[in-house]
Each structure stands twice: as C-alpha cells, then as structure tokens.
Amino acid sequence: MKYLFRLFCTTLLLYPGFLLGQVESPNYDFSLDQIKSILPDSKIEDVKKTFPDLELITDTKKKKVFKVKLKHQRYIIHAELNVVEDLVRDIFIRLPSYFLHDVFHQSLINRYGKQNFYKLKNEHAIYIWDKLEKYKIVYSSTCTIQCFPIYLAIISKNTDQLGEYISIFDEMNKSYILELKNK
C-alpha cells in the first residue's frame, strides 16, 4: 500500500497535466459573429433589440455615440457605436488583454482575408484591411511577455454623403496627435 501511494504521488509530480487536462485561451470561443449585429450600416433599432441595455454617451445634432456591452464568458467587452442618421457608421471595441493576439488575428484573417497594411514599431503592431467592399478594419496589438490585442475599429465606407464625418477611431487619433504636439 505504501508503494502504491508513492507511485501515485510520483505520477502527479512528474505529470501534472494528467489531472488538469487541456488549458485553452479565454478567447478561443469568441466569435466575430458576436459583433455581427453592431457592424457598420446596421440600423440602430435592430441593435437596440439585440442589446436593450444600450447606453447613450454623446448626443449632438449630427451624431450619437452609444456604448454596448458584449458579454463573453464572465467578462464584459465594451464597444462604442457611432450612429448617424439612425445607422451605425463605425464601431470601436477595446479588446481585453486576456485575449491572445494570434487567435484573434487569425479569426480576422479567416473572415476578411489577409490585411492590406501591416506596421510594427516597438513591439506595437497595426493591421489594416482597407480593400474590403463595405468596411475599413483597423486592428492593433502589442507584445510584452505575450502578444495581446488592444482595439478593433470597423468603419463603414458608405459615409461619402455625410459631409464632414469623423469616425471614433479618427477622433481618438486626432486628439492623441494634438496631445503630443502640446507636450
């Protein structure tokens, strides 16, 4: 009996994965289909049906910005929707750092094809899909010990008739550049 107990303990020490099984990344089951209902050119009425807890952040004459809470496992992912003339014109999603970049980037490639632009600087990468028919997609990631996504912006290409339309992504970049100039 004593030898059986030693054998069992030795097995646990040498092969800890024996009891734990396979460990998967938290975003393996996150699907881009979860954002399908908030993609640009969606009607805001349809979005409100899917997400009744839609929160209005900004309301001006020309546009409204809403916050949507996407639920994934036990976590909530916030997405901002830019709405002009009752249509979602662009979305900006701050992606959680527990997502793995490789998995999320591959899901974007599987859905939209290989990106048209890629730039890496100081372990920070930006990927742009700008040759799609309906959207321009901007995805950003960075690496420390492991690589993780930062944000995903999807912008409608049907904004020519809106005049001086500025997407959430462009507004953020503009304010960041102004902040850098003022330093």
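Residues numbered from 1 in each chain as written. Predicted model: local features only at pLDDT ≥ 70, side-chain atom pairs only at ≥ 80, totals over all residues. Heavy atoms only, no water.

Further remarks concern the sheet that holds strand β1 (residues 55–59). Spatial strand order, β1-β2-β3-β4-β8-β7-β6-β5: 8 strands in an open sheet with antiparallel pairing. Because the sheet does not close on itself, it has two edges, and the strands there are β1 and β5 (117–121). Adjacent strand axes in the sheet meet at a mean angle of 20 degrees when their direction is disregarded. With 5 bridges joining them, strand β4 (residues 87–94) and strand β8 (residues 147–156) adopt antiparallel strand pairing. (Pairing = 2+ DSSP bridges. Helix = DSSP H or I, 4+ residues; strand = E, 2+ residues; numbered from the N terminus. Axes fitted to C-alpha atoms, helices over the stretch in contact; angles between N-to-C directions.)

What follows deals with the pattern of salt bridges. The tally for this structure, following the rule as stated, stands at 2 salt bridges. Between Glu-171 and Lys-63 there is a salt bridge; the shortest N-O distance is 2.2 Å. Taken together, the positions of Glu-171 in helix α5 (residues 168–182) and Lys-63 in the loop between β1 and β2 (64–72) put the pair 108 residues apart, joining distant regions of the chain. Note on Glu-171: relative accessible area 35%, which makes it partly exposed. Notably, a salt bridge pairs Glu-85 with Arg-89, separated by 3.7 Å at the nearest N-O pair. Given a relative accessible area of 58%, Glu-85 falls into the exposed group. The class for Arg-89 is buried, based on a relative accessible area of 3%. (Salt bridge = Lys/Arg side-chain N within 4 Å of Asp/Glu carboxyl O. Buried < 20%, exposed > 50% of the residue type's maximum accessible area, 1.4 Å probe, protein only.)

Turning next to the state of the cysteines. Under the defined criterion, the tally for this structure stands at 1 disulfide. Disulfide pairing places Cys-143 opposite Cys-147 at an S-S distance of 1.9 Å. On the sign convention where negative means left-handed, the S-S torsion of about 95 degrees between Cys-143 and Cys-147 marks this disulfide as right-handed. Among the residues examined, Cys-143 registers a relative accessible area of 23% and is labelled partly exposed. Taking the relative accessible area as the measure of exposure, Cys-147 reaches 26% and is therefore partly exposed. (Disulfide = S-S within 2.5 Å.)

Next up on the list: the environment of Ser-97. Its location among the elements puts Ser-97 in the loop between β4 and α4 (101–112). Taking the C-alpha atoms as reference, Ser-97 lies 9.7 Å from Thr-142; in sequence the two are 45 residues apart.

The biggest cluster of nonpolar side chains holds 32 residues, and the ones touching the most others in it are Ile-35, Ile-38, Leu-70, Leu-81, Ile-93 and Leu-152. Considering each element in turn, this core owes the most residues, 4 residues, to strand β3 (residues 75–84). Sequence-distant contacts of Ile-93, defined by excluding residues within four places in its chain, comprise Ile-35, Leu-70, Ile-77, His-78, Ala-79, Ile-150, Tyr-151 and Leu-152. By size, the runner-up hydrophobic cluster in this structure holds 10 residues, among which are Val-65, Phe-92, Val-138 and Phe-169. (Core = buried A, V, L, I, M, F, W, Y, C linked by side-chain atoms within 4.5 Å. Contact = heavy atoms within 4.5 Å.)

Take the pairing of strand β6 (residues 124–129) next. Along any regular strand, the residues point their side chains to alternate faces of the sheet. Inspection of the sheet shows β5 paired to β6 by 5 bridges, in the antiparallel sense. Each residue of the ladder has a partner; that of Lys-121, found in β6, is His-124. Once β5 ends, the chain turns through 2 residues before running back antiparallel as β6, passing Asn-122 with a positive phi of about 55 degrees. The sheet contact formed by β6 and strand β7 (residues 135–143) spans 6 bridges and is antiparallel. By the bridge assignment for β7, Ile-126 is matched with Ser-140. The antiparallel hairpin formed by β6 and β7 contains 5 residues in its connecting segment.

Any link to function would need more than the numbers given here.
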